[in-house]
Amino acid sequence: MKITIATDSFKGSADSLAVASAIEKGIHRVDSSVICDKFPVADGGEGLLETIRQPGDELIPVRACGPLFEEREAFYVRRGMAAIIETAVISGLPLVPQDRMNPLETTTFGTGELIRHALEHGCTELIIGIGGSATNDGGIGMAAALGARFLDSSGNEVSSAGKGLAGIRSIDMTGFCPLVRKASIRVACDVDNPLYGTTGASAVYGPQKGATPEMIADLDDGLRNLAERTGKETLALEPGSGAAGGLGFALRAFCGAKLESGITLVLKAIGIERSLTTSDLVITGEGRIDGQSSRGKVPVGVAKLAKQFGLPVIAFAGDIGPETENLYQLGIDAIVSTTNAAMALSYAMAHSLELTEDAAFRTWHLVQTVQQSVQEYRA
């Protein structure tokens, strides 16, 4: 029997390949003859570069601005004339200490610096993964790094963070990097939220970035103001504009970028379809699976592709949230929790790999039992 294992990382505890390997170990404790074809997968967020980097690619180091305006080392991948940029590397949530999480104060300026560096060093095709950001600045930090000026009523530049959005009264694009318009920019986007509103960037993702209810209201008003000042209110309401705290909107509005499903782009790049043609089952997963997983996350993306090959799909998750019943209509056949008892989140994250291995061990006993029962019935 052959299985394709394609999981996301369990954020904060284990990368995607380690998770896949833990699943393989659990299965092999039951049946060592099972062939496990493992693929690390990302949906445009954390781990994108690790997932799609190929032999011969060049890793380009850059000193750039972190999410709290601190200078830090970052990098992107260069492949010929193409640059692959991961927002999480320089503007990501893991870069912000727990006690400083506040989307009013974080910026995508560093992401803009990586874009500018790639363009100024000859890259004409950009692939940008925008998941996993710590930001809710509407992408004005990114645009400012490329030369846009966001001005208040006195003609002064506003902060390139979330707190600057509400004060924007005009936008000066005269100094914007001209190389942007000569490049092809594709954005790997893992969500379909609009820029603002009840399903917008601030309301849905603000809390996980440290936003209080009061902050969410202010940030949402600020994003609405940004859309009005750009004159692109229609674009702001399109799916994906709310990704990465509005970075999806800014890349479209200021850079002419095209948003693509991050998981679809990645699955095509890693060549997983070749494995699916000879597999009997697919296993996927992520750290937390819930109703939001339907919005372009790894498990559903993998499941939809697996169904094109008529394959059953099992999803592993450290935490199973509400509204998962909707996922059974999207290609996932079973959802398995990796936690086996009541435990603190800190413990679960610290022991995620052994818990995942144990869950795979238990699950494969069940799979094997069903197989044997079916064989006996048919006999």
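Provided above is the structure to which this section pertains.
Model, not experiment: these values are computed from the prediction.

(A) Region of the structure containing a nonpolar patch on the surface. Residues Leu366, Val370 and Val374 make up a contiguous nonpolar surface patch of roughly 250 Å² in combined accessible area. Within the fold, Val370 resides in helix H14 (residues 352-378). On the basis of relative accessibility, which here comes to 47%, the residue Val370 falls in the partly exposed class.

(B) Highlighting helix H7 (residues 213-230). Here H7 is 18 residues long and its end C-alpha atoms lie 26 Å apart, about the 26 Å a rise of 1.5 Å per residue gives. Buried residues along H7 sit in contact with helix H5 (140-145), strand S7 (149-151), strand S8 (170-172), helix H6 (201-205), helix H8 (233-236) and helix H9 (247-255). Two residues or fewer after H7 comes Gly231, characterised by a positive phi angle close to 75°.

(C) The pairing of strand S6 (residues 125-129), seen in detail. Taken across its five residues, S6 has four buried, putting it largely inside the fold. Pairing of strand S5 (residues 82-86) with S6, which is carried by five bridges, proceeds in the parallel orientation. Each bridged residue has a counterpart across the sheet, and for Ala82 the counterpart in S6 is Glu125. Pairing of S6 with strand S9 (residues 184-189) involves five bridges; the strand directions are parallel. Within S9, the position partnered with Gly129 by the bridge is Ala188.

(D) How the structure looks around the packing of helix H1 (residues 16-28) against H14. Two elements in contact, H1 and H14, have axes whose closest approach is 7 Å; the angle formed by their N-to-C orientations is 40°. Classified by the angle their axes make, H1 and H14 are oblique. In this structure, H1 meets H14 at a crossing whose hand is right-handed. When H1 is examined against H14, the residues Ala18, Val19, Ala22, Ile23, Lys25, Gly26 and Ile27 are found in contact with a partner set consisting of Leu353, Thr356, Glu357, Ala360, Phe361 and Trp364.

Calculation rules
What you see as residue numbers is a count from 1 along each chain, following the sequence as written. The predicted origin of the model limits local features to residues at a pLDDT of at least 70 and limits the giving and counting of side-chain atom pairs to 80 or more, whereas totals for whole chains, interfaces and linings rest on all residues. Side-chain metrics in this entry use all non-hydrogen atoms of the structure; hydrogen atoms and water are not considered. Exposure above 30% relative accessible area and no salt bridge define the residues that can form patches, which grow by joining like charges within 9 Å and nonpolar side chains of Val, Leu, Ile, Met, Phe, Trp and Tyr within 5 Å. Note on areas: Shrake-Rupley, 1.4 Å probe, and residue coverage restricted to the protein chains presented here. For this analysis, a salt bridge means a side-chain nitrogen from Lys or Arg found within 4 Å of a carboxyl oxygen belonging to Asp or Glu. Under the DSSP-based scheme used, a helix requires at least four consecutive residues in state H or I and a strand at least two consecutive residues in state E, with every element numbered from the N terminus. The rule is simple: take the accessible area with a 1.4 Å probe, protein chains only, and divide by the maximum for that residue type; under 20% is buried, over 50% is exposed, in between is partly exposed. A helix is expected to span 1.5 Å for every residue after the first. Contact criterion: two residues are considered in contact whenever any of their non-hydrogen atoms come within 4.5 Å of each other. Two strands qualify as a pair provided DSSP detects at least 2 bridges between them. Think of each axis as a best-fit line through the C-alpha atoms, taken over the contacting stretch in the case of a helix, with angles from 0 to 180 degrees between the N-to-C directions. In these notes the angle categories are as follows: under 35 degrees is roughly parallel, over 145 is roughly antiparallel, 65 to 115 is roughly perpendicular, and the rest is oblique. Here is the rule for handedness: rotate from the far helix to the near one, and if that takes an anticlockwise turn smaller than a right angle the crossing is left-handed, while a clockwise turn gives right-handed.

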